[in-house]
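Summary of the model geometry
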Amino acid sequence: MKKIFLLALFALSAAATCVASENETNREIVLPKHGEKTALNTGWLAKRANEIKIDGNRLSTGAFDRSGWIAARVPGTVLTTLLDNKVFPAPEFSLNNMLIPDIYDAGKEFYTFWFVREFDLSALPDDNQTVWLNFRGINYRAEIFLNGKRLNTDTHEGMFLRKSYDITSSLRASGNRLAVIVYPPDYPGNPNGGQGGDGMIARNVTMQFTPGWDWIQPVRDRNTGIWDEVSISVSGAVRVQHPYLVTRVPGVRQPEGSQKNAFVNTSVELVNTSPAAVSGTLICETDGQRQTQSVTLAANETRQVELKEISVKNPRLWWPNGIGRQELYDMSIRFETGAGQVSDSRTFRYGIREITSGLSEVNGGRVFYVNGQPIYMTGGNYIASDWLLRLSPERYRAEVRFHAEMNVRMIRVWGGALLERPEFYDACDEYGILVFQDLWGSGDCNGAWVDPMKADSRERRWEYPDNHSLFLASVEDQVKMIRNHPSLCIWCGANEWPLAKDIDAALRTDIFPRLDPERLFISYSTDTLFTRNTIGGVGDGPYGIQEPEWFFTFRSTPFNPEAGSIGSPEVESMREMMTEAELADLPRGRQVSAAWTYHKDLGYGDHLERYGAVKDIETYCKYAQAVNYDQYRSFMEGRASKMWEWYTGILIWKTQNPWTSLRGQMYDWFLDVNATLYGTRKGCEPLHPQYNLASKEVELVNTAVSDHRVEVIAQLYKTDGSVVWEQKTSEQSAANSVKRLFAVPVPEGVDGVYFLKLSMFEGASRLTTNIYWLTTRPKDYTGLAKLPANKPSVRSEFGVEGDNYKGVVRLKAEAGISFFNRIKVFDKTTHRRILPVHYSDNYITLMPGDEQSVEIEFASALKASQIEIVVDSWTSPRITEQLIIDN
């Protein structure tokens, strides 16, 4: 380890000699208009604190010696800054993370850094302007200096606490220097292989997974840094803060048609920052309506102001994914003084919807109602967008869109991570994904059970974190930050176990009743207020691969907040995770190599060998995708088969990974999708014909809120493409219902693999096709590798606007069966994937004569001539087509 430290110091010294000249650019800042902000996300420098021999007062003024400073990532962490400067290799690849010193061994000083940002102003503020410096997140402790003055009168502490500082009197026209020293969490903990390491990380108010978990390796600096947005804003004497909006939608509504009135109630916090009384007008505008209210604030007064209820005629309602549209409104709130002079303003989006809930009298699971309609809830657990907090609105949007494309309706933001940034909830609003929001606690770290890996006793861990007041202040702040999002559905104190008794009591009896009383709060994820525990333990799981029919017969908890399975990525991602030698050392039963173990391989049991001999990484990934699809389609269909009878919802553990892990994911860290996403998508179709693997019956599932008249056709195919059995029926599918239709026989004279195709029509329109590969030989799918060769025809038509490509790929099986076609998009020159790509479907199987159109959308700076569409098929060599622009 000492050798690693020395190499790191040498690399840091080398990086410091190359401080980019760009730090001299973008220095000038134009003060924003009232209610807007200017981000300070570029031009930062960083240096290890023990290399600087002066304090913050001196560092932030006078001559500045740039030697030894490196370009810094802000928002970011110390480690991401070091990675950007090539001090360490990419920790997501192979065993590289082991080459980075861990804070537990290196000491906190190793990751304690100064961050400096210099700037000029295009003009100084006038007498009516107050300039604010805003931090949306620092981990963990910090001292902040500007132009020779310490801004924070109390040391900043805690990862989840926004802070604003009045910097008006400290500003200069030029040569402003902001200096921030950031210290790691007080208790970084020992990454000893336990969940959250030795648990000490939970003594801080920070994310708990950073010392490692069973699906991730340790984050070496525990994400120390200015990890979220830094900005400058301007106001007058009165600030407009923390608007709170509640919408009421009385009665039971339908997504379509005209609507009865809905109602909007708004309040806002006004803060007079001046030493004199201020009078003015509070103005609220939305949907063409304007409200005004005269307000006089005493010197330094803070007041919560309630506005009159707004009645909205024929409202455009917000609905969850798969139920209706996600209509959004804009609201502007401002405070004016004098002759229309704006002191401050807030503008935000909201959705008109009402969410209520109650426990099912049938099974004891929580049922959520949106606009009066019961919603069968499917969803997944979300850890964090990136383990090193390299967050962006674009990445958030892609990830949330993937969830919408899965046909799920809820994301649970898991308690061992963080409360996501507002841009995440913006995306959930747009795509109709409801949010189950945990706070910062887990059964593993907070004492749900005796754990020999933990440093402290179970009783001591019940009292975590050490600073209860900080935890509660952080909750208050973060609740105010995201509570206006229509996607936010439920608050949860912690994962699997309640927080310290006094914290839990304060949340239940004070904070949520006061700040967000319309939303359900539960103390922990398997709280009896949420679900009945019918399986023992803490009431969630299991997490490994299962026989597909098991999902139809095992009765789990009525709303399991986390249960999951496998999810290995595609071969291209595997090659960006490990060396060829490591990939060649495939798992063999219980024998798993160091690299596969390090990347948390969950294991497929014997499920891959059921498809054939696993010879190399190509066949491993090929078979894994077939298993992935079948596993998660069965998972979702098995739960839906008992909708309302046994279950009110299910949240998959998990739908994504924040790093290069080999388990539980619909898309990987690189944002490439795999077959688990499309198996889940198929199993979660709102109107869906399915095959019950246990009862051998066709079922019709309707999780939408309207009735449909449909025709369902079932056909059995031999591997040569001939139909050996068919049955059809016309059915009325009631909203929120499951209907058993008819049994499916085992075809006579078939030895091995055969196919069941379910087609559903509404009038002349084909709604969906659902194709199963089945076998007369138990657990033997080797016949799939022996299917007759059949190359599908592939045609594509695309349009492009700027860097955004949008088009259609049409696949057709001219003759014979075309099995499991995976569409991909590549850079023609480098042969690397273009990511992320959004597909309306993938891993497509076609029976003879079948044709399917797949909508595709992605962004790329490449010209169309440099892009190719690739189709990997089980029944054909790889097909490559030039992307064609349709003029």
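None of these values were measured; they are calculated from a predicted model. (Residues numbered from 1 in each chain as written. Predicted model: local features only at pLDDT ≥ 70, side-chain atom pairs only at ≥ 80, totals over all residues. Heavy atoms only, no water.)

Describing the overall build of the protein chain
The helix and strand inventory of the protein chain stands at 16 helices and 45 strands. Dimensions of the protein chain along its principal axes, counting C-alpha atoms only, are 90 × 70 × 65 Å. Looking at the protein chain alone, contacts between residues at least 24 apart form 73% of all its contacts between residues at least 6 apart. Counting every atom, the protein chain has about 32,200 Å² of accessible surface; 49% of that belongs to carbon and sulfur. Once the 96 positive and 110 negative side-chain charges of the protein chain are each reduced to a mean point, those two points are 0 Å apart. (Helix = DSSP H or I, 4+ residues; strand = E, 2+ residues; numbered from the N terminus. Contact = heavy atoms within 4.5 Å. Areas by Shrake-Rupley, 256 points an atom, 1.4 Å probe, with all protein chains shown as cover. Lys, Arg positive; Asp, Glu negative; His and termini not counted. Charge placed at Lys NZ, Arg CZ, Asp CG, Glu CD.)

Re the packing of helix H9 (residues 468–482) against helix H10 (residues 501–515)
For any two helices packed against each other, the geometry comes down to the angle between their axes and how far apart the axes lie. Remark: H9 packs on H10, axes separated minimally by 11 Å, with the N-to-C direction vectors making an angle of 25 degrees. Our classification of the angle between H9 and H10 gives roughly parallel. Here H9 and H10 pass one another in a crossing that is right-handed. On H10, the residues touching His468, Phe471, Leu472, Val475, Glu476, Val479 and Lys480 of H9 are Asp502, Ile503, Ala506, Leu507, Ile511, Phe512, Arg514 and Leu515. Taken together, the residues of the contact of H9 with H10 break down into ten nonpolar, one polar and four charged. (Axes fitted to C-alpha atoms, helices over the stretch in contact; angles between N-to-C directions. Parallel < 35°, antiparallel > 145°, perpendicular 65-115°, else oblique. Left-handed = near helix turned anticlockwise from the far one by under 90°. Nonpolar A, V, L, I, M, F, W, Y, C, P; charged D, E, K, R; others polar.)

A closer look at the sheet that holds strand E44 (residues 867–873)
Pairing in this open sheet of four strands is antiparallel, and the strands run E42-E40-E44-E45 from one edge to the other. Each of the sheet's edge strands pairs with one partner strand only, and the pair in question is strand E42 (844–846) and strand E45 (876–882). Averaged over all pairs of adjacent strands, the angle between their axes in this sheet comes to 30 degrees, without regard to strand direction. Two strands pair when backbone bridges link them, and strand E40 (residues 818–827) and E42 are joined in this way by two bridges, in the antiparallel orientation. (Pairing = 2+ DSSP bridges.)

Observations concerning the side chain of His242
Summarising the element assignment, His242 is placed in strand E13 (residues 238–248). For His242, a relative accessible area of 18% gives the class buried. Setting aside anything within four residues of it in sequence, one finds His242 in contact with Arg162, Ser267, Val268, Glu269, Lys480 and Arg483. (Buried < 20%, exposed > 50% of the residue type's maximum accessible area, 1.4 Å probe, protein only.)

Re the packing of aromatic side chains
Taken as a whole, this structure holds 51 aromatic pairs when the rule is applied. For the pair Trp414 and Trp653, a centre-to-centre distance of 5.6 Å together with 65 degrees between the ring planes defines the contact as edge-to-face. Here Trp653 lies in the loop between strand E30 (649–652) and helix H16 (675–683) and Trp414 lies in the loop between strand E25 (410–413) and helix H6 (422–431), a separation of 239 residues in the sequence. Side by side, Trp414 and Trp653 carry an identical accessibility label, which is buried. One aromatic cluster in this structure is built from Tyr611, Tyr623, Tyr629, Tyr678, Phe755, Trp773, Tyr781, Phe819, Phe820, Tyr843 and Trp874. In this structure, Arg633 is placed above the aromatic ring of Tyr772, and the distance from its NZ or CZ to the ring centre is 3.9 Å. (Phe/Tyr/Trp six-rings, centres within 6.5 Å; stacked < 30°, edge-to-face > 60°. Lys NZ or Arg CZ within 6 Å of the ring centre and 35° of its normal.)

Let's talk about H6
Think of an α-helix as turning once every 3.6 residues; residues three or four places apart then point the same way. With seven of ten residues buried, H6 lies mostly within the body of the structure. For H6, the full list of buried residues reads Pro422, Phe424, Tyr425, Ala427, Cys428, Asp429 and Tyr431. Structurally, H6 contributes buried residues whose contacts are with strand E24 (377–382), helix H5 (393–405), E25, strand E26 (434–438) and H9.

Quick notes on empty space enclosed by the protein
Scanning the model with the defined rule gives five cavities of 30 Å³ or more in all. Here the largest cavity is characterised by a volume of approximately 90 Å³. What lines the largest cavity is a set of 13 residues, and nearest its centre among them are Tyr376, Thr378, Gly683, Cys684 and Thr703. At the level of elements, helix H15 (617–641) and strand E31 (687–692) are the ones that each hand at least two residues to the lining of the largest cavity. Classifying every residue of the lining of the largest cavity by side-chain character gives five nonpolar, six polar and two charged. (1 Å grid on protein atoms, 1.4 Å probe; cavity = no way out; pocket = protein on both sides within 12 Å on 5 of 7 lines; lining within 4 Å. Points joined across faces, edges and corners; volume = space filled by probe spheres on them.)

Here we look at H15
Taking 1.5 Å of rise per residue, 25 residues should cover 36 Å, and H15 covers 35 Å from first to last C-alpha, within 8% of that figure. You can read the cap of H15 off the contacts: a side-chain oxygen lies 3.2 Å from the backbone nitrogen of Glu618, and it is on Asp616. (Expected span 1.5 Å × (residues − 1). Polar contact = N/O pair within 3.5 Å; in protein donor to acceptor, adjacent residues only side chain to side chain.)

What about the layout of surface pockets?
Computed from the structure, the largest pocket encloses a volume of approximately 1,600 Å³. If you trace the largest pocket, you find 46 residues lining it, with Arg136, Arg162, His242, Arg346 and Met481 closest to the centre. Looking at the lining of the largest pocket, the elements with two or more residues in it are strand E6 (130–135), strand E9 (156–157), strand E10 (163–166), strand E12 (230–235), E13, strand E20 (341–350), H6 and H9. Sort the elements by how many residues they give to the lining of the largest pocket and H9 lands first, with six residues. Among the residues forming the lining of the largest pocket, the class breakdown is eleven nonpolar, 15 polar and 20 charged.

Section: the pairing of E44
Summarising burial for E44: seven of the seven residues are buried, a large majority. Of the two faces of E44, the one lined by Ile867, Ile869, Val871 and Ser873 and the one lined by Glu868, Val870 and Asp872 are each fully buried. Relative to E44, E40 runs antiparallel, the two being bridged by six bridges. Considered in E44, the bridge of Asp827 is made with Ile867. In terms of strand pairing, E44 meets E45 through five bridges, oriented antiparallel. In the sheet register, Val871 faces E45, and the bridge partner there is Ile879. The loop that links E44 with its antiparallel partner E45 comprises two residues.

With respect to the environment of Val367
Within the fold, Val367 resides in strand E22 (residues 366–370). Val367 gets classed as buried once you look at its relative accessible area, which sits at 6%. Along the primary structure Val367 and Pro32 are separated by 335 residues, whereas in three dimensions their C-alpha atoms are 45 Å apart. What Val367 contacts, discounting residues up to four positions off in sequence, is Thr356, Ser357, Gly358, Ser360, Pro374, Trp644 and Thr648.

Quick look at the nonpolar core
As a rule of thumb, soluble globular proteins bury nonpolar side chains together. Counting 190 residues, the largest nonpolar core has Phe209 and Phe755 as its most contacted members. If one sorts the elements of this core by residue count, H15 sits on top with twelve residues. With residues near it in sequence (within four places) discarded, Phe209 still touches Trp215, Ile216, Val219, Ile383, Ala384, Trp387, Trp414, Gly416 and Ala417. Of all hydrophobic cores here, the second largest spans 46 residues; its members include Leu328, Ile333, Phe368 and Leu651. (Core = buried A, V, L, I, M, F, W, Y, C linked by side-chain atoms within 4.5 Å.)

Quick notes on the sheet that holds strand E27 (residues 488–492)
Read across the sheet, seven strands follow the order E28-E27-E26-E25-E24-E30-E29 without closing on themselves; strand pairing throughout is parallel. The open sheet terminates on both sides in strands that have one partner only, identified here as strand E28 (520–522) and strand E29 (559–563). On average, each strand axis in the sheet is inclined to that of its neighbour by 20 degrees, with strand direction left out of account. Bridge count for E25 against E26 is four bridges, and the pairing is parallel. The residue bridging Met410 from the neighbouring strand is Leu434, located in E26.

Concerning the environment of Thr768
Topologically, Thr768 is positioned in strand E37 (residues 765–775). Put simply, Thr768 and Asn702 are 66 residues apart on the chain and 13 Å apart in space, counted from C-alpha to C-alpha. For Thr768, the contacting residues outside a window of four places in its chain are Lys682, Glu685, Leu687, Pro689, Leu758, Ser759 and Met760. Within polar-contact distance, the side chain of Thr768 engages the side chain of Lys682 at 3.2 Å.

Quick word on the state of the cysteines
Applying the stated criterion across every chain yields a total of zero disulfides. We note that Cys428 lacks a disulfide partner, and the nearest cysteine sulfur, in Cys489, lies 12 Å from it. (Disulfide = S-S within 2.5 Å.)

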